[in-house]
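# Structure assessment
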Amino acid sequence: MRNRILALAALAAAIGSPVAAQAQTGITVGRAPVVVDGGPTIAVEQRPAFRDYVVEQRVPAFSIPDRVVVGSTLPESGVTYYDVPQRFGATTYRYTVVNGATVLVEPRSRRIVEVMD
């Protein structure tokens, strides 16, 4: 009986403590850690040209009531996602403009992986 109580206490302590794996990047949004893939994204030197491209395309901006931060999830409806042209690098992410900020989004989860502005 005592061993079960100790095992449950150890399990509760392990679940309650915010320990991140060493191989992952932890980004804190509010109080919960969010792990974002380190997948291919737009290179730093390509970002000004990509911003110009988005402006030239006249991509409509969507408004959401939440802050636009890495790790947040965009709504299921009401937001249109666009392919990133190959000239900016091979990426599986899509882009859109939300609350005036250009963001890269993982299309299946709709999770913001990078805020470009």
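Residues numbered from 1 in each chain as written. Predicted model: local features only at pLDDT ≥ 70, side-chain atom pairs only at ≥ 80, totals over all residues. Heavy atoms only, no water.

Under the annotation held in an unreviewed UniProt entry, the protein carries the name DUF1236 domain-containing protein and is attributed to Bradyrhizobium cosmicum.

### A closer look at the confidence of the model for the protein
Summarising the model, the protein shows a mean pLDDT of 77, and 67% of its residues fall at 70 or more. Averaged over each element, pLDDT in the protein is lowest for strand β2 (residues 32–35) (37) and highest for strand β5 (residues 94–98) (95). Across residues 17–36 the pLDDT falls below 50, and counting only partners more than four positions away or on other chains, this stretch makes 17 contacts in the model. (pLDDT = per-residue confidence, 0-100. Helix = DSSP H or I, 4+ residues; strand = E, 2+ residues; numbered from the N terminus. Contact = heavy atoms within 4.5 Å.)

### Quick word on the nonpolar core
Residues I42, F50, V54, V84, Y95 and L104 are the most contacted members of the largest nonpolar core, which totals 13 residues. Mapped by element, the contributors of at least two residues to this core are α2 (47–57) and β5. At 3 residues, α2 tops the list of elements feeding residues into this core. Once residues within four sequence positions are removed from consideration, F50 is found in contact with I42, V84, P85, F88, Y95, T102 and M116. In this structure, F62, I64, V98 and A101 belong to the second largest nonpolar core, which totals 10 residues. (Core = buried A, V, L, I, M, F, W, Y, C linked by side-chain atoms within 4.5 Å. Buried < 20%, exposed > 50% of the residue type's maximum accessible area, 1.4 Å probe, protein only.)

### With respect to the pairing of strand β6 (residues 101–106)
β6 sits mainly inside the fold: 6 of its 6 residues count as buried. Relative to β6, β5 runs antiparallel, the two sharing 5 bridges. Its bridge partner being in β6, V97 is matched across the sheet by T102. What sits between the antiparallel neighbours β5 and β6 is a turn of 2 residues, in which N99 has the positive phi angle 50°. One ladder, built from 4 bridges, connects β6 with strand β7 (residues 111–115); its direction is antiparallel. Residue V103 lies in a different strand from β7, and its bridge partner there is V115. (Pairing = 2+ DSSP bridges.)

### Looking at the environment of V105
Tracing the chain through its elements places V105 in strand β6. Each residue touching V105, except ones within four places of it in the same chain, is listed here: L74, Y81, Y93, R94, T96, R110, R111, I112 and V113.

### Section: the packing of aromatic side chains
Counted under the stated rule, the structure contains 6 aromatic pairs. Ring geometry for F50 versus Y95: centroids 5.2 Å apart, planes at 85°, classification edge-to-face. Residue F50 is found in helix α2, and its partner Y95 is found in strand β5; the two are separated by 45 residues along the sequence. For the pair formed by F50 and Y95, the shared burial category is buried. Grouping aromatic residues by their ring pairs yields a cluster made of F50, Y53, Y82, F88 and Y95. (Phe/Tyr/Trp six-rings, centres within 6.5 Å; stacked < 30°, edge-to-face > 60°.)

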